[in-house]
Amino acid sequence: LHRHGAHAQRIESAITAVARRFGLIGQFFALPTSIHVAFGPLGGQTVFLVRTDPGSQDLGRLAALDQLLVRVAGAGISLHDARRELTRLLTERRALNPWLELPSFALAAASASVFLGGGAREVAAAACIGLVAGAITRVLGARRDASVLTEAIAGFVAAFAAAGLGATYDGLAVGKVTLASIVYLLPGFMLTTAVTEIATRHLASGTARFAGACAVFLALAFGAALGWRIGAA
């Protein structure tokens, strides 16, 4: 659940439900970068710390894991079968077809441009730049050492390309094109999860996740500002 973007309350309630099924007493604390687990009565606990990375959102797998969890907590499936089903869910490879994935970046950018009030030229420009930003995201996202630069580089390329098109075609709304072309990278789900955690009083996790969303916004803004300045020059 943590790996695929669930919020802290959901993770803790899931571990509690499974622990209850095993007949265990435990205290659980989930953060975006770690999970703390303590089994046993107070004063005689066995404590574990699991270091984690903030997961990427996968709504399909979250839904499947939730269904499995309901069956486990309600004793509707044996633990042996549940573990086998969990292994299958986590190991099955759902390869994304790049011929479908990359055009989705362009479609999202074009739709966002219409939403922002752009005309036909803005829609076409946003779709083209969005396709390039999608390719950058796909390439850098596959490399662990370079994935942290994805938003900044994509924002820079989008703003630089929009500035270039703005210099070529008079009247092109450069700001709208830039924003629309990187709308796919905005951390909307992360921000929503952070607000959910803060609202449910998981303040440590919610604050950390909110800071992560702000860092993504800053990376996009910094890359876009740099692209605009160089493009203008």
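Residues numbered from 1 in each chain as written. Predicted model: local features only at pLDDT ≥ 70, side-chain atom pairs only at ≥ 80, totals over all residues. Heavy atoms only, no water.

Novice: Can you lay out the overall build of the protein for me, pointing to particular residues and giving the numbers?
Specialist: Summing up its helical and strand segments, the protein has nine helices and three strands in all. Each helix and strand of the protein, placed in order from N terminus to C terminus, yields the pattern α-β-β-β-α-α-α-α-α-α-α-α. The buried share of the protein, taken over its 233 residues, is 34%. When contacts within the protein are restricted to residue pairs at least 6 apart in sequence, long-range pairs at least 24 apart make up 58% of them. Split by element, the accessible area of the protein, about 13,400 Å² in all, is 66% carbon and sulfur. (Helix = DSSP H or I, 4+ residues; strand = E, 2+ residues; numbered from the N terminus. Buried < 20%, exposed > 50% of the residue type's maximum accessible area, 1.4 Å probe, protein only. Contact = heavy atoms within 4.5 Å. Areas by Shrake-Rupley, 256 points an atom, 1.4 Å probe, with all protein chains shown as cover.)

Novice: Quick rundown of the packing of helix α2 (residues 59–73) against helix α3 (residues 79–91)? Include the residues and the values.
Specialist: At a minimum axis distance of 11 Å, the contact between α2 and α3 shows a crossing angle of 175°. With respect to their mutual orientation, α2 and α3 come out roughly antiparallel. Counted together, R61, A64, L65, L68 and V72 of α2 and L79, A82, E85, L86, L89 and L90 of α3 form the full contact between these two elements. Tallied by class, residues from the contact of α2 with α3 come to nine nonpolar, no polar and two charged. (Axes fitted to C-alpha atoms, helices over the stretch in contact; angles between N-to-C directions. Parallel < 35°, antiparallel > 145°, perpendicular 65-115°, else oblique. Nonpolar A, V, L, I, M, F, W, Y, C, P; charged D, E, K, R; others polar.)

Novice: Please provide a residue-by-residue account of a nonpolar patch on the surface, values included.
Specialist: A contiguous nonpolar surface patch, about 390 Å² in accessible area, is contributed by F160, F222, L226 and I230. With three residues, helix α9 (residues 203–232) is the largest single contributor of residues to the nonpolar patch. A relative accessible area of 58% means that F222 is categorised as exposed. (Patch = residues over 30% accessible without salt bridge, like charges linked within 9 Å, V, L, I, M, F, W, Y side chains within 5 Å. Salt bridge = Lys/Arg side-chain N within 4 Å of Asp/Glu carboxyl O.)

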